[in-house]
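Each chain is listed here by its residues.
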Amino acid sequence: MTTTQTTSETHTAHPPFRASETLGAHLQQLLVDLTDLHLQGKQAHWNVVGKNFRDLHLQLDEVVDDARNFGDDIAERMRALYVVPDARAATVAEQSSLAAFPSTEVDTADTVDLITAAIYAVAGTARRIHDDVDAEDPTTADILHGILERLEQLAWMIDSENRVANSSKPASITV
């Protein structure tokens, strides 16, 4: 029989840095959005239909894997900074800044637009919080840099499925 020894002494850690409430809230928002991106990527992966199905199906696996891994990186960084991450289903549903993904089959072209918008929404969260994070903790900002680089690469690659050479432009650009 194994016994666990308990003690009445309280352990006290002495970290050189602890996240402020603001930093913790920023990382929590990014964690929630990354978790939702992971879930939306899976929803899209299961329900995408149409032309170029297989290629998009496989690209969605990349989105899912990267979002899940980035979420884990952020959650573990939060713990290292003495912040408790919360990515429970109810929390994600309540706090995500991403638009909802359809619950039905979705055509490949529509899936491209929807998942690209979701990826850019997460990148937007990372960009929105970046300066505050960098001011308080440049180490965590470095993590954001890697996340942004990959998310924007994924968005570009997936969005290219619907682009028309020399004709398409981002919605926010006017000529």
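Residues numbered from 1 in each chain as written. Predicted model: local features only at pLDDT ≥ 70, side-chain atom pairs only at ≥ 80, totals over all residues. Heavy atoms only, no water.

Novice: Would you mind showing me how to read unusual backbone geometry here?
Specialist: A negative phi holds for most residues other than glycine; trans holds for most peptide bonds. The phi angle at Tyr-82 is positive, at roughly 65°, despite the residue not being glycine. Residue position: Tyr-82 is located in the loop between helix 2 (53-80) and helix 3 (89-95). At Asn-166, a position not held by glycine, the phi torsion is positive, near 65°. One can find Asn-166 in the segment after helix 5 (138-159). The exposure class of Asn-166 is exposed, given its relative accessible area of 83%. (Helix = DSSP H or I, 4+ residues; strand = E, 2+ residues; numbered from the N terminus. Buried < 20%, exposed > 50% of the residue type's maximum accessible area, 1.4 Å probe, protein only.)

Novice: Can you walk me through the packing of helix 4 (residues 108-136) against helix 5 in this structure?
Specialist: Across the interface, helix 4 lies against helix 5 with an axial gap of 9 Å and an inter-helix angle of 160°. The orientation of helix 4 relative to helix 5 falls into the category roughly antiparallel. Remark: the crossing between helix 4 and helix 5 carries left-handed chirality. Residue composition of the contact of helix 4 with helix 5, by class: 18 nonpolar, 4 polar and 6 charged. (Axes fitted to C-alpha atoms, helices over the stretch in contact; angles between N-to-C directions. Parallel < 35°, antiparallel > 145°, perpendicular 65-115°, else oblique. Left-handed = near helix turned anticlockwise from the far one by under 90°. Nonpolar A, V, L, I, M, F, W, Y, C, P; charged D, E, K, R; others polar.)

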